[in-house]
Every structure is written in C-alpha cells, then in structure tokens.
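Understanding the architecture of this molecule
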Amino acid sequence: MKYSKATNYALHTMLYLVAFTPDKPANVQQLAEKQGVSPTYLSKILTKLVKAGLIESASGANGGYRLRRRQEEISFLDIIHAIEGTASLFDCTLDHPSECLIQQEMVKAEGQMEDYLKNKMISELAGKMAEHLNHA
C-alpha cells in the first residue's frame, strides 16, 4: 500500500506546524524549504489542507499558514483524507454474480487501519519530536 508524495508532504507540514509554529503562521517558503520541495507544489497541498479545515491562511506581512483546529483534534486520518480522499484503496474489477469476498476482506482491513490512524494524533508525534530534539 502506498500513499502519494503529496500525503507525505502534508503529514510532514502538519507535524512542523504543530511542533514548531502552533501559535504563529509559517509561510509557504519556510514550509517548502524544510522539506526540500517547491513552494508551488506545496501550495497545492496547503490548499487541500485549508479546504479540509485543518489549517487556515492569513495574508499580509505576518501572514502564512497556521492550525485552524486544536492540535489535539487532528489525526493522521484527517490529513490523509484531506489529500487522498475517502475512496477505498482496493477496487475489485471482476464482474461477480454476488459481492466480492476479496473486496469485503480488503475493506475490513482498511477499516482497521483507518481506526488506528483516526486515533493517532499528529500532536502525539510532535511531543515525541520535541522530546527527541531536547535529548540530542
């Protein structure tokens, strides 16, 4: 199973916003430099995160992107759904006379993974990251 690069950048961007700039906006240039990605590409990802209500953008001299929701409420699944959507990862292409047994098992497995990701908050990782940096 593989998520897109956009999801990778979205997760890392959200982790950065939670860990380092929870109370002040970070601009797209700053966020892009941290990940070694083009600001134009990251802007498209940030737009999806804004549409999902996870972050907000502020214009002006002190503008940028900041969390819109409380960090304790943002799960990995929220971020993944903002980028990937909510469609099933597996889609049976065979024409079966009844429901596909393989499809049923894959959907069940996805449900278990989604439950885990729904309960894994990005703020938990930010706490571990800060702890790790303090010991380095």
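Presented here is an overview of the structure given in this document. This structure is a prediction, so every number in the text was calculated from the model and none was measured. (Residues numbered from 1 in each chain as written. Predicted model: local features only at pLDDT ≥ 70, side-chain atom pairs only at ≥ 80, totals over all residues. Heavy atoms only, no water.)

Comments concerning the overall build of the chain
- Helix and strand counts for the chain stand at six helices and two strands.
- Counting from the amino terminus, the chain carries its helices and strands in the arrangement α-α-α-β-β-α-α-α.
- Of the contacts made within the chain by residues no fewer than 6 positions apart, 63% connect residues no fewer than 24 positions apart.
- Taken as a whole, the chain presents about 8,800 Å² of accessible surface, with 52% of it coming from carbon and sulfur.
- Here the chain contributes 15 positively and 16 negatively charged side chains, and the mean placements of these two sets differ by 8 Å. (Helix = DSSP H or I, 4+ residues; strand = E, 2+ residues; numbered from the N terminus. Contact = heavy atoms within 4.5 Å. Areas by Shrake-Rupley, 256 points an atom, 1.4 Å probe, with all protein chains shown as cover. Lys, Arg positive; Asp, Glu negative; His and termini not counted. Charge placed at Lys NZ, Arg CZ, Asp CG, Glu CD.)

Side note on the pattern of salt bridges
- If you walk through the whole model with that rule in mind, you get seven salt bridges.
- When the shortest N-O distance is used, the salt bridge between E56 and R66 registers 3.0 Å. Taken as a pair, E56 in strand β1 (residues 55-58) and R66 in strand β2 (residues 64-67) lie far apart in primary sequence, 10 residues in all.
- Assessed through its relative accessible area of 30%, R66 is described here as partly exposed.
- Between E124 and K120 there is a salt bridge; the shortest N-O distance is 3.2 Å.
- We classify K120 as buried; its relative accessible area is 17%.
- One connected set of salt bridges, linked through shared partners, spans R70, E72 and E73. (Salt bridge = Lys/Arg side-chain N within 4 Å of Asp/Glu carboxyl O. Buried < 20%, exposed > 50% of the residue type's maximum accessible area, 1.4 Å probe, protein only.)

A few points about the nonpolar core
- The biggest cluster of nonpolar side chains holds 31 residues, and the ones touching the most others in it are M14, L49 and I79.
- Counting only elements with at least two residues in this core, the list comes to α1 (5-20), α2 (28-35), α3 (39-51), β2, α4 (76-84) and α6 (122-135).
- Other than its neighbours up to four places away in sequence, I79 contacts A10, L11, M14, L49, L54, I74 and I122. (Core = buried A, V, L, I, M, F, W, Y, C linked by side-chain atoms within 4.5 Å.)

Looking at the packing of α1 against α3
- It is the contact of α1 with α3, at a shortest axis distance of 10 Å, that shows an interaxial angle of 70 degrees. In terms of their interaxial angle, α1 and α3 are classed as roughly perpendicular. Touching K5, A6, Y9, A10, T13 and M14 of α1 are Y41, L42, I45, L46 and L49, all from α3.
- Taken together, the residues of the contact of α1 with α3 sort by class into nine nonpolar, one polar and one charged. (Axes fitted to C-alpha atoms, helices over the stretch in contact; angles between N-to-C directions. Parallel < 35°, antiparallel > 145°, perpendicular 65-115°, else oblique. Nonpolar A, V, L, I, M, F, W, Y, C, P; charged D, E, K, R; others polar.)

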